[in-house]
Amino acid sequence: MKAIVVTDQAAGTAGMKLVDRPEPQAAINDVVVQVYASRFVPTELAWPSTWTDRLDRDRTPSIPGHELAGVVTALGYGTTGLSVGQRVFGLADWYRDGTLAEYVAIEARNLAPLPGDVDFTMGASLPVSGLTAWQGLFQHGRLQAGQSVLAHGAAGAVGSMVTQLAREAGAYVIGSGRSADRQTVLDFGAQEFVDLDNDALEDVGKVDLVFDVIGGEIQKRSVKLIRGGGTLVTVVGPAEARPSDGLAVDFVVESDRSQLSEIVQRVRDGRLLTNIGNVSTLDEAVAALNPTGRRKGSTIIRVRP
């Protein structure tokens, strides 16, 4: 099968290569999925799991990409809940070969059914951004109707999901970004926009929850805006700053079938819009994942037409 592999961490995305690899086999509780569409998160190449296994042994050349939509082609021993020929989408294990390939072996529990009226490109755009937003807001942030949320990077894949899900939950949403992102952020449902290059972040006032995808100085300034009992939720590693009277939570997204089903249902009925930018083929993936300009929206690799 065709697959994208990486072997050199220092080379980054420029070190990606399209090669032939053996098709994977389904282990116990696995399924094999024929990948129709995949998404790659650029920060993957900074994750130890891309390069080593759980015992810290080198596992290169490894196949990156962890989001997929496709069709089940084989079941491993003991696998239940899915069937051959079923349309699925989900999130592959960080320590195993990923989804920038024609086939992937993946634990069945990491997948959810993909309804027939949601295309594969759309399905592949949902797992990381949708689950990150869902878990950050509701599991870790314990968001309630009537609260206020400052969503950083609100024009991005995760931030746009945060904005929409928080609005649907009855929160007041302030989205941040660059000046060029203003209309996009407002179109996704934010009631206010903060231009991080030109506006005073402190003018936002007090909020109940900050959803941080940036870190650094922006995170440190943001925690001062969190009112008593509020929460900083961050996905960029351990919090560098903590609210004086609140919680700071950093987390790594996990696959969850029921949450994936909730997310895709919202896409089906129009409550949740995805943020897809460039769509490319697997043959052109190396170039697509090494853009010369700023990325806008998710880059989806369409593996099968």
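This text follows the structure it describes.
Notes on the structure follow.

Criteria and thresholds
- Residues numbered from 1 in each chain as written.
- Predicted model: local features only at pLDDT ≥ 70, side-chain atom pairs only at ≥ 80, totals over all residues.
- Heavy atoms only, no water.
- Helix = DSSP H or I, 4+ residues; strand = E, 2+ residues; numbered from the N terminus.
- Rg over C-alpha atoms; globule rule 2.2 N^0.38 Å.
- Buried < 20%, exposed > 50% of the residue type's maximum accessible area, 1.4 Å probe, protein only.
- Areas by Shrake-Rupley, 256 points an atom, 1.4 Å probe, with all protein chains shown as cover.
- Lys, Arg positive; Asp, Glu negative; His and termini not counted.
- Charge placed at Lys NZ, Arg CZ, Asp CG, Glu CD.
- Polar contact = N/O pair within 3.5 Å; in protein donor to acceptor, adjacent residues only side chain to side chain.
- Contact = heavy atoms within 4.5 Å.
- Pairing = 2+ DSSP bridges.
- Axes fitted to C-alpha atoms, helices over the stretch in contact; angles between N-to-C directions.
- Phe/Tyr/Trp six-rings, centres within 6.5 Å; stacked < 30°, edge-to-face > 60°.
- Salt bridge = Lys/Arg side-chain N within 4 Å of Asp/Glu carboxyl O.
- Core = buried A, V, L, I, M, F, W, Y, C linked by side-chain atoms within 4.5 Å.

Some thoughts on the overall build of the protein
When you go through the protein residue by residue, the secondary structure sums to seven helices and 15 strands. By the compact-globule yardstick of 19 Å for 305 residues, the protein fits well, its C-alpha radius of gyration being 19 Å. A principal-axis box enclosing the C-alpha atoms of the protein has dimensions of 55 × 40 × 35 Å. When burial is assessed residue by residue, the protein has 53% of its 305 residues classed as buried. For the protein, the accessible surface area stands at approximately 13200 Å², while carbon and sulfur atoms represent 48% of it. Charge-centre separation for the protein: the mean point of 29 positive side chains lies 1 Å from the mean point of 36 negative side chains.

Considering the side chain of Ser62
With respect to the helices and strands, the residue Ser62 is situated in the loop between strand S3 (30-39) and strand S4 (67-75). At a separation of 2.7 Å, a polar atom in the side chain of Ser62 contacts the main-chain carbonyl oxygen of Thr50. Residues in contact with Ser62, not counting those within four places in the same chain, are Ile4, Val5, Val6, Thr50 and Asp97.

Comments concerning the pairing of S3
In terms of burial, S3 is largely enclosed, as ten of its ten residues are buried. Where S3 meets strand S6 (residues 103-107), five bridges bridge the pair, whose relative direction is antiparallel. Opposite Val32, over in S6, you have Ala105 as the bridge partner. Pairing geometry for S3 and S4, over eight bridges, is antiparallel. Looking at the pairing, Arg39 lines up with Glu67 of S4. Relative to strand S15 (residues 298-302), S3 runs antiparallel, the two sharing three bridges. Bridging across to S15, Ala37 finds its partner in Arg302.

Description of the sheet that holds strand S12 (residues 226-234)
Ordered in space as S10-S9-S8-S11-S12-S13, the six strands form an open sheet in which the pairing is parallel. Whereas interior strands pair on both sides, the edge strands pair on one side only; in this sheet they are strand S10 (192-195) and strand S13 (246-250). Averaged over neighbouring strand pairs, the angle between their axes works out to 15° when direction is ignored. Helix-sheet contacts for helix H5 (residues 216-223) involve strand S8 (148-151), strand S11 (207-212) and S12, and the interaxial angle to S12 is about 160°.

Concerning helix H2 (residues 127-140)
For H2, a buried count of eleven out of 14 residues is recorded, marking the element as mostly surrounded by other parts of the structure. Arg142 occupies a position one or two residues after H2 and carries a positive phi of about 50°.

What to know about the environment of Asp58
By the secondary structure assignment, Asp58 is in the loop between S3 and S4. If we ignore the near neighbours within four places in the chain, the residues touching Asp58 are Trp51 and Thr52. Polar side-chain contacts of Asp58 include one of 2.9 Å to the side chain of Thr60.

So, the side chain of Ser280
Along the chain, the position of Ser280 falls in strand S14 (residues 276-281). Once residues lying within four places of it in the same chain are set aside, the contact partners of Ser280 are Ala285, Ala288, Ile300, Ile301 and Arg302.

Digging into the packing of aromatic side chains
Tallying each qualifying case throughout the model produces three aromatic pairs. Measuring from centroid to centroid gives 5.1 Å for Trp134 and Phe138, while their planes differ by 75°, and the two rings are edge-to-face. You can see Trp134 and its partner Phe138 sitting in helix H2, four residues apart, about one turn around the helix.

As for the environment of Gly189
Within the secondary structure, Gly189 is located in the loop between helix H4 (182-187) and S10. Residue classification places Gly189 among the buried residues on the basis of a relative accessible area of 15%. In this structure the C-alpha to C-alpha distance between Gly189 and Ser160, which are 29 residues apart in sequence, comes to 8.6 Å. When residues no more than four places from it in sequence are discounted, the contact partners of Gly189 are Thr163 and Arg167.

Some remarks on the pattern of salt bridges
The full count for this structure, using the stated rule, is 17 salt bridges. A salt bridge links Arg109 to Glu107; the shortest N-O distance between them is 3.0 Å. The class of Glu107 is partly exposed, set by a relative accessible area of 22%. Between Lys220 and Glu240 there is a salt bridge whose closest N-O contact spans 4.0 Å. Residue Lys220 is located in helix H5, and its partner Glu240 is located in the loop between S12 and S13; the two are separated by 20 residues in the primary sequence. On the accessibility criterion, Lys220 (35% relative accessible area) is partly exposed.

Description of the nonpolar core
Residues Phe89 and Leu137 are the most contacted members of the largest nonpolar core, which totals 45 residues. Sequence-distant contacts of Leu137, that is, excluding residues within four places in its chain, are made with Arg142, Leu143, Val162, Leu165, Ala166, Leu209 and Phe211. The next biggest cluster of nonpolar side chains, apart from the first, holds 32 residues, and it includes Met16, Phe40, Ala101 and Leu282.

What is shown is where atoms sit, not what they do.
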